[in-house]
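Here is what each chain is made of, one letter per residue.
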Amino acid sequence: MKLLCDKSKLLEAISIAQKAITGKSTMPILEGLYINAANDTITLIGSDVDLSIETKTIAKVVDPGKIVVDSRLLGEIIRKLPNDEILIETLEGNILQIICQKSVFNLLYMNAEDYPSIPEIQEDVNLAISQALLKNMIKGTIFATAQDETRPILQGVLFEIKDKCLNLVALDGYRLAIRSEFVDSENSINVVIPGKTLNEVSKIMDEKEEEVSITYTSNHILFNLGDTR
């Protein structure tokens with residue numbers, strides 16, 4: 001793998017994908033970022049199995065390839081580099097070399113084939129809503145989720161669409177927070193989404209009128225923001 005990428009674009013993509021990595025997994029490879037370089041695009045994936053974040057950024061891909069590299073180390077290295085174009089290249093011995101101006105870093109990478117695959121969801125969009133609106137609704141309810149791990153259902157937020165109304169409900173036994181907004185959707189949904197997941201989704205969304213597409217299955221929900229899923 002060999003590619004050239006602007007530092008600011010790469011750092012932004014790393015910061016987004018890192019939000020899914022908790023560092024608490026029993027699988028060491030999940031402490032890494034999955035990187036796929038092809039067709040002048042870099043795809044980065046961070047995951048803790050429960051939550052997966054995939055984001056893309058443009059780059060000049062000289063030689064395509066897939067690797068997994070330690071998320072914390074990569075983030076710290078890229079953050080400290082000068083604001084210039086970065087050359088990233090894999091060398092023999094599972095070495096990833098990062099060069100920017102006079103700075104050269106070498107770190108070990110892992111085999112991308114060992115990285116768990118993320119769920120494939122058929123994107124028949126069931127709901128499209130303003131990012132700013134959904135972000136505001138999450139902020140208005142998530143504070144009331146329970147912190148007590150003995151009642152995991154209360155650590156989540158009820159995400160309900162009924163009669164063209166989107167309802168978000170959170171409670172911890174003492175507080176109850178409800179936000180309701182009209183949505184132009186004939187579909188119905190009634191699921192509980194972990195508060196941790198919704199919190200990370202909220203951080204990624206912009207306070208703009210651009211829409212987020214939401215697709216759900218029996219046990220997964222997908223938030224599609226364009227370059228980030």
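For the structure, check the block above.
Calculation notes
- Residue numbers here run from 1 along each chain, matching the order of that chain's written sequence.
- Selection of residues for local features in this predicted model requires a pLDDT of at least 70, selection of side-chain atom pairs for listing and counting requires 80 or more, and totals for whole chains, interfaces and linings are taken over all residues.
- Computation of side-chain values: all heavy atoms of the structure, hydrogens and water removed.
- Here the term buried applies to any residue with accessible area under 20% of the maximum for its type, exposed to any over 50%, and partly exposed to those in between, with areas from a 1.4 Å probe on protein chains only.
- Each helix is a run of DSSP H or I of at least 4 residues and each strand a run of E of at least 2, with the numbering of both proceeding from the N terminus.
- Definition of a polar contact: a pair of N or O atoms within 3.5 Å, with one able to donate and the other able to accept a hydrogen when the atoms are protein atoms, and with sequence-neighbouring residues admitted only if both atoms are side-chain atoms.
- By definition, two strands form a pair when at least two bridges between them are found by DSSP.
- Orientation is described by lines fitted to C-alpha atoms, with helices fitted over the stretch in contact, and by angles between N-to-C directions that extend from 0 to 180 degrees.
- By definition in these notes, contact holds between two residues if any of their heavy atoms fall within 4.5 Å.

**Student:** When you look at helix H3 (residues 131–139) in this model, what are you seeing that I'm missing?
**Tutor:** Side chains of residues three or four places apart in an α-helix project in the same direction, reflecting 3.6 residues per turn. Residues of H3 that are buried include every one of Gln131, Ala132, Leu134, Lys135, Met137 and Ile138, and no others. Its side-chain oxygen at 3.2 Å from the backbone nitrogen of alanine 132, serine 130 defines the N-terminal cap of H3.

**Student:** I keep staring at the sheet that holds strand E10 (residues 127–130) and nothing clicks. Help me out?
**Tutor:** Across a sheet, strands are paired by hydrogen bonds formed along the backbone, either parallel or antiparallel in direction. Across the sheet, which stays open at both edges, the three strands sit in the order E10-E15-E16 with antiparallel pairing between neighbours. Two strands bound the open sheet, and with one partner strand each, they are E10 and strand E16 (221–224). Neighbour-to-neighbour, the strand axes of the sheet open up by a mean angle of 25 degrees, direction not taken into account. As paired strands, E10 and strand E15 (residues 211–216) are joined by four bridges and run antiparallel to one another. When the sheet's bridge partners are listed, alanine 128 is paired in E15 with serine 213. Seen against the sheet, H3 touches E10, E15 and E16 and runs at an angle of roughly 85 degrees to E10.

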